[in-house]
Amino acid sequence: MSNPTVFSNARSFTTHGWLICVWILITPFQYGYHISALNQIQAVLTCRSEANPTLMLSMLPACIPMSELTFSVITAIFTIGGLAGSLLANLVMDRWGRKGATTISALLTSVGTGLMGISTSVGVLGFGRFVIGLGSGVGICLAPVFLSEIAPSSISGNVGILTQLGIVLGIMLTQVMGLQFATPTEWRAVLFLSFALSAVQALLGSIASESPVWLGNNGQHDKKKEVHNKLWLAETSSTSTSSDSDPLLDELEARREDAQIVAITVPKLFLARELRKPLVIVCLAMASQQFSGINAVLYYSNAILSKALPDLGPYVSLGITVVNVLMTFPPIVLIEVTPPSCLLLLHVTDLKQLCSALVDGVFSPSPLWVL
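Values in this document were obtained by computation on a predicted structure and should not be read as measured data.

Broken down by element type, the chain carries 16 helices and 4 strands. Expressed as a percentage of the 371 residues in the chain, the buried residues total 41%. The contacts of the chain with a sequence gap of at least 6 include a subset with a gap of at least 24, amounting to 78%. With an accessible surface of roughly 19,400 Å², the chain has 70% of that area assigned to carbon and sulfur atoms.

Rendered as structure tokens:
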């Protein structure tokens, strides 16, 4: 096994390392993109705008007639595919490596977006969205692991936040794209852009670097050392001094180099007594996020807001995603100075107050905000 101290002085990425980060981040970006991909184009996609469903554009119909219930099913099937993909993610990552799993996720996304882009029926549209969900389910489990395994310990915290940043940027871009292309002749461009991006990501997989941790755990130690040299900027003995060396970071890096990954399957996760408390904490945290109503906002905000604000609904939807992006940055600072439990309690308290205000505004004959 390679000596971990060889890489313990790594303090940042090389140019190649940052490019690999960008390549990985296309995956969570695509996940965010498809969370809200149908939101802005719902009216024109479902023939509720001025589009004529019999109008043919380059052998494709201008829209696909469907009810609101059918559109809701098409939207929700993305999460079903995501659930299936997330359950398979661990097997895919262990079998084909982090790089191979990223390529598989990109291929699934390209196939799904291609099918949706050329769809002429509800069935093809729904199947394409399910395939995108599969790719996103694999990718959203993969990206944080891949980033954590290639990041030097000195910047691993900041690199970790990039996954969430990629998601919210994808959500925001699809809202911008929807504003521009929500017409009978252009709505498919929203899907074809994602197809092109995922196809490029899949092609670049042949020259991307594998995770050094995965290589080490599969006995490829020489290749692991080679990948380290490509990814990390390490201080040489002539330039580094004891004064700028952080023994805690060096120890952490050494531990990570020597660590062996123990695969935890879903059944083991639920049965292991020592994992029960962390599992409950994570599940409650995820549940509190869902109860905030963010999915309803991102999936259906345009349809909901357009009834109350016909001219401003799409722009309000875009504004929500902009705030979503901006609020991704405060945790970078707060998580270093505030215990995570306090941040979670703050989130739940704010959620309770906002829900109370919303209920008061809907049901009170004289809501407080009018006074």
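Further notes follow.
Time to look at the nonpolar core. Counting residues in each nonpolar core, the largest one holds 28 residues, and the members touching the most others are Phe13, Ile24, Ile150 and Val159. By residue number, the principal contributor to this core is helix 4 (residues 122-150), which donates 6 residues. Other than its neighbours up to four places away in sequence, Val159 contacts Phe13, Leu147 and Ala151. The next biggest cluster of nonpolar side chains, apart from the first, holds 24 residues, and it includes Ile35, Val44, Ile74 and Leu298.

This part is about the pattern of salt bridges. All told, the structure shown has 3 salt bridges when counted by the stated rule. Residue Glu149 pairs with Arg98 through a salt bridge whose shortest N-O separation is 2.9 Å. A residue pair is termed long-range when its members are at least 10 positions apart, and Glu149 in helix 4 and Arg98 in helix 3 (residues 68-117) qualify at 51 residues. As far as the burial class goes, Glu149 and Arg98 line up, both buried. Taken together, the salt bridges that share partners define one network made up of Asp94, Arg98 and Glu149.

The next point concerns the packing of aromatic side chains. For the coordinates displayed, the defined rule picks out 4 aromatic pairs. Taking 6.5 Å as the distance between ring centres and 85° as the angle between the ring planes, the aromatic pair formed by Trp23 and Phe146 counts as edge-to-face. In this pair, Trp23 is assigned in helix 1 (residues 15-35) and Phe146 in helix 4, connecting sequence segments 123 residues apart. Here Trp23 matches Phe146 in class, with each residue buried. Judged by centre distance (6.1 Å) and plane angle (35°), the rings of Phe29 and Tyr33 are tilted.

What follows deals with helix 14 (residues 313-326). If you check helix 14, its first and last C-alpha atoms are 20 Å apart, about what 14 residues at 1.5 Å a residue would give, namely 20 Å. For helix 14, every residue scored as buried is listed here: Gly313, Pro314, Ser317, Leu318, Thr321 and Val325. Within helix 14, the buried residues cover an arc of 145° as seen down the axis, which keeps them to one side. For helix 14, the exposed residues set more than 90 degrees away from the buried face come down to Tyr315 and Leu326.

Per-residue confidence for the chain gives a mean pLDDT of 79, with 76% of residues at or over 70. Within the chain, no element has a lower average pLDDT than helix 10 (residues 247-258), which sits at 50, and none a higher one than helix 7 (residues 189-204), at 94. Under a pLDDT of 50 for its full length, residues 1-8 has, in the predicted model, 17 contacts with residues more than four places off or in other chains. Confidence over residues 367-371 falls short of pLDDT 50; this stretch has 4 contacts with residues more than four positions distant or in other chains.

Moving on, we come to the layout of surface pockets. Rolling a probe over the atoms, with the probe sized like a water molecule, indicates the empty space that remains. Taken as a whole, the second largest pocket holds about 280 Å³ of empty space. Taken together, 14 residues make up the lining of the second largest pocket; nearest its centre are Gln42, Glu68, Ala303, Ser306 and Lys307. Elements that contribute at least two residues to the lining of the second largest pocket include exactly helix 2 (42-45), helix 3 and helix 13 (294-308). Its residues assigned to classes, the lining of the second largest pocket shows 5 nonpolar, 6 polar and 3 charged.

Moving on: the side chain of Ser119. Mapping Ser119 onto the fold places it in the loop between helix 3 and helix 4. Among the polar contacts listed, one links the side chain of Ser119 to the backbone oxygen of Met116, at a separation of 2.8 Å. Those residues within four positions of Ser119 in sequence are excluded, and the remaining contacts are Ile64, Val124, Leu125 and Arg188.

Applying the stated criterion to the full structure yields 2 cavities of 30 Å³ or more. By volume, the second largest cavity amounts to about 30 Å³. Lining the second largest cavity are Thr27, Gln30, Ser105, Ala106, Thr109, Gly135, Ser136 and Gln201. Among the elements that line the lining of the second largest cavity, the one with the most residues is helix 3, at 3 residues. Looking at side-chain class alone, the lining of the second largest cavity contains 1 nonpolar, 7 polar and no charged residues.

Cut-offs and rules
- Residues numbered from 1 in each chain as written.
- Predicted model: local features only at pLDDT ≥ 70, side-chain atom pairs only at ≥ 80, totals over all residues.
- Heavy atoms only, no water.
- Helix = DSSP H or I, 4+ residues; strand = E, 2+ residues; numbered from the N terminus.
- Buried < 20%, exposed > 50% of the residue type's maximum accessible area, 1.4 Å probe, protein only.
- Contact = heavy atoms within 4.5 Å.
- Areas by Shrake-Rupley, 256 points an atom, 1.4 Å probe, with all protein chains shown as cover.
- Core = buried A, V, L, I, M, F, W, Y, C linked by side-chain atoms within 4.5 Å.
- Salt bridge = Lys/Arg side-chain N within 4 Å of Asp/Glu carboxyl O.
- Phe/Tyr/Trp six-rings, centres within 6.5 Å; stacked < 30°, edge-to-face > 60°.
- Expected span 1.5 Å × (residues − 1).
- Arc of directions from axis to C-beta.
- pLDDT = per-residue confidence, 0-100.
- 1 Å grid on protein atoms, 1.4 Å probe; cavity = no way out; pocket = protein on both sides within 12 Å on 5 of 7 lines; lining within 4 Å.
- Points joined across faces, edges and corners; volume = space filled by probe spheres on them.
- Nonpolar A, V, L, I, M, F, W, Y, C, P; charged D, E, K, R; others polar.
- Polar contact = N/O pair within 3.5 Å; in protein donor to acceptor, adjacent residues only side chain to side chain.

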